[in-house]
Structures are given as structure tokens and as C-alpha cells.
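# Commentary on secondary and tertiary structure
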Amino acid sequence: MRALLAFILTGFCLAGSLEAQSIDRPLTSLEGLQLINVKAEVVDHSGLRGLRIGRFDEYTEGGTLVLIEGSDFENGTIELELAGEPAPGADPSMRGFVGVAFRVDPEDTDRYECFYLRPVNGRADNQLQRNHSTQYVSHPEYPWYRLREASPGVYESYVDLVPSEWTRVRIEVDGTAASLYVHGADQPTLIVNDLKHGDSSGLVGLWLHSSTLAHYRNLKIVPRK
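Before going into details, it helps to say that this report is about the structure given with it. Nothing here was measured: the structure is a model prediction, and the numbers come from that model. Note that residues are indexed from 1 along each chain, following the sequence as it is written. Reporting in this predicted model follows two pLDDT cut-offs: at least 70 for local features of residues, and 80 or more for side-chain atom pairs to be given and counted; totals over whole chains, interfaces and linings ignore these cut-offs and use all residues. The basis for every side-chain value is the complete set of heavy atoms in the structure, and neither hydrogens nor water enter the calculation.

## Brief notes about the overall build of the chain
What the chain contains, in helices and strands, is three helices and 15 strands. In the chain, 67% of the contacts between residues at least 6 apart in sequence involve partners at least 24 apart. Here the open area of atoms and residues is found with the Shrake-Rupley method and a 1.4 Å probe, where only the protein chains shown may cover a residue. Of the accessible surface of the chain, which amounts to about 11300 Å², a share of 51% is contributed by carbon and sulfur atoms. Put simply, DSSP H or I for four residues or longer makes a helix, DSSP E for two residues or longer makes a strand, and each gets a number counted from the N terminus. Working rule for contacts: check all heavy atoms of both residues, and any pair within 4.5 Å makes them a contact.

Given below as C-alpha cells:
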């Protein structure tokens, strides 16, 4: 009887250890981060301490990532503060693309879901440009231009943004649906009901385009099984 009880308790402990754990990091160190095509440092930005992320000088195109080690994420909530602006010397058409990747395939880090912001568009004089302030993409198969061409206005939306200003972001993921909340709003800014990789799982990453200088702080990941 004692052996049976010990076996059952061991099983419960093992099951608990396999469950995804919550992560709460102020992002005031580089510990537990995997940098992909970027350089990072801890700085004060607008009076608040966090990470500054930018591309390597020799890397000039496409998306870049900072993966959060140990972030086994399928469903749940991701919260953080971020800020983005075009990097010094960037092409004038760049918008300061900054966001969060989730369900990143650890075997192929080019494969992930992502919400990101275009802060320069937030207060543009052109309304159509404002409507492109937030964006969902699913790499590598569904970049922004494919989604915009196939389904105009479905995977992007407007929200008030200011370049280089700290912005609170929350992402809620459930199965094949995800919602983006900005500035602590009760209602989502952008809703996606057909995540292109289906109901998958993977790592969480800080995402930015190579043309962007980005800042991040106060990351909280709460998985839900």
C-alpha cells in the first residue's frame, strides 16, 4: 500500500513539474534571454529601466527576436511595456515596428505568431496609415503584405501610439484565437480568430524589425492549460 501511495504521489509531482510555469521578469538583465540577430543592453528610457534592443550593424533586413528561455507557452496571457521608434539612419518609410512573438518553434525560430505595433502610424495625418497601427502576422507563411492583400483591414487596426513612448500591451491566447490589448484597455484593439499555425505551442519572444530601436520592460507570462 505504501509503495502504491508513493507511486501515485511521484506521478502527481512529475505531472506538476511538466506544467508550464508563469514568468515574471523586469527585464533589467540579460539573464535567461537568447538574442537572435540583435544586441541588447540594460538602460534607463524615459525614466524607467528596461532593455534596449537593436540590430547588429551587419544585419540589415527582416525581423529579429529575443527569446525568453523557459517560456513554454500555448494558451494564456502575455503582458509587458514596450517602446519602438525607427533606428538612427533607418529609411524614412520605417515605422518603428515593435511587438511580441509567441508560440515560437524552438526548432525553427523563423516560425511564430506575432502581434506588433507601428508607433509612427499612430498619429499620422493620413487615416489609412493610422489604420495600420497594429498588426498580426504568422511567419513565415503569412507576412503582413500577404494578409493585407488577401484580407484588407482584417489583421490590423488603429490605436493611438507615440514613437519611443512606453506602451502597455497585453496578449490573450486561447486555441486558435488571440487578442491584443493596448494601454490597459478593457476591450481588445485587434482580434484574430484564425491563428495561422493552429493550436500550437512554443516560446515567447520580444520582436522587432531590423529598422527599429526598441525598449522592453516588466514582462509577465501566465500560461493556461
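That was the structure; now back to the text.
## A short note on the environment of Ala 90
Along the chain, the position of Ala 90 falls in the loop between strand E6 (76-86) and strand E7 (98-104). Between the C-alpha atom of Ala 90 and that of Ser 210, which follows or precedes it by 120 residues, the distance is 9.1 Å.

## What about the nonpolar core?
The set of buried Ala, Val, Leu, Ile, Met, Phe, Trp, Tyr and Cys residues whose side-chain atoms join them within 4.5 Å is what this entry labels a nonpolar core. Only protein chains enter the accessibility calculation, which uses a 1.4 Å probe. A residue is then buried if its area is under 20% of the maximum for its type, exposed if over 50%, and partly exposed in between. Within the largest apolar cluster, 38 residues are counted, with the highest numbers of intra-cluster contacts made by Ile 78, Phe 102, Phe 115, Ile 171 and Tyr 216. Of all the elements, strand E15 (residues 212-223) adds the most residues to this core, at four residues. Core analysis: the second largest hydrophobic core is formed by 13 residues, Ile 36, Leu 67, Tyr 112 and Tyr 116 among them.

## Structural notes on the side chain of Thr 64
Along the chain, Thr 64 falls in strand E5 (residues 63-68). Within 3.5 Å is the distance limit for a polar contact, defined as a pair of N or O atoms, with the added protein rule that one can donate a hydrogen and the other accept it, and that residues adjacent in sequence qualify only through two side-chain atoms. From its side chain, Thr 64 meets the backbone oxygen of Leu 208 in a polar contact 2.8 Å long.

## Looking at empty space enclosed by the protein
Here a cavity denotes grid points, spaced 1 Å and computed from the protein atoms alone, that fit a 1.4 Å probe unable to get out, and a pocket denotes an open set having protein on both sides within 12 Å along at least 5 of 7 lines; residues with an atom within 4 Å of a point are the lining. Grid points are joined across faces, edges and corners, and a volume is the space filled by probe spheres set on the points. Following the criterion strictly, the structure yields two cavities of 30 Å³ or more and no others. Space inside the largest cavity adds up to approximately 40 Å³. In terms of lining, the largest cavity is formed by Leu 82, Val 98, Gly 99, Val 100, Phe 115, Tyr 116, Leu 117, Val 169, Ile 171 and Leu 180. Within the residue set of the lining of the largest cavity, elements represented by two or more residues are E7, strand E8 (112-117) and strand E11 (167-174). Grouping the amino acids of the lining of the largest cavity by side-chain chemistry returns nine nonpolar, one polar and no charged. Approximately 30 Å³ is the volume found for the second largest cavity. If you trace the second largest cavity, you find it lined by Leu 82, Ala 83, Gly 84, Val 98, Leu 117, Pro 119, Val 162, Ser 164, Glu 165 and Thr 167. Looking at the lining of the second largest cavity residue by residue, the classes come out as six nonpolar, three polar and one charged. When residues are grouped by polarity, Ala, Val, Leu, Ile, Met, Phe, Trp, Tyr, Cys and Pro land in nonpolar, Asp, Glu, Lys and Arg in charged, and all others, Gly among them, in polar.

## Quick look at the pattern of salt bridges
Should their charged atoms come close, side chains of opposite charge can pair. We define a salt bridge as a side-chain nitrogen of Lys or Arg found within 4 Å of a carboxyl oxygen belonging to Asp or Glu. Enumeration over the complete set of coordinates arrives at 12 salt bridges. Between Arg 123 and Asp 160 there is a salt bridge, and its shortest N-O distance comes to 2.8 Å. Of the two residues, Arg 123 is situated in the loop between E8 and helix H2 (127-130) and Asp 160 in the loop between strand E10 (156-157) and E11; the sequence distance between them amounts to 37 residues. Relative accessible area serves as the criterion here: at 51%, Arg 123 is assigned to the exposed category. Residue Asp 194 pairs with Lys 196 through a salt bridge whose shortest N-O separation is 2.9 Å. Looking at Asp 194, the relative accessible area reads 31%, which means it is partly exposed. Judged by relative accessible area, which is 27%, Lys 196 ranks as partly exposed. Salt bridges sharing partners connect three or more residues here, namely Arg 118, Arg 148 and Glu 156.

## Re the layout of surface pockets
There is about 220 Å³ of room inside the second largest pocket. If you go around the second largest pocket, you meet 13 residues; those closest to its centre are Lys 39, Gly 54, Arg 55, Ala 87 and Leu 213. Going through the elements one at a time, strand E3 (38-45), strand E4 (48-55) and E15 are the ones with two or more residues in the lining of the second largest pocket. With four residues, the single largest contributor to the lining of the second largest pocket is E4. Looking at the lining of the second largest pocket residue by residue, the class counts come to five nonpolar, three polar and five charged.

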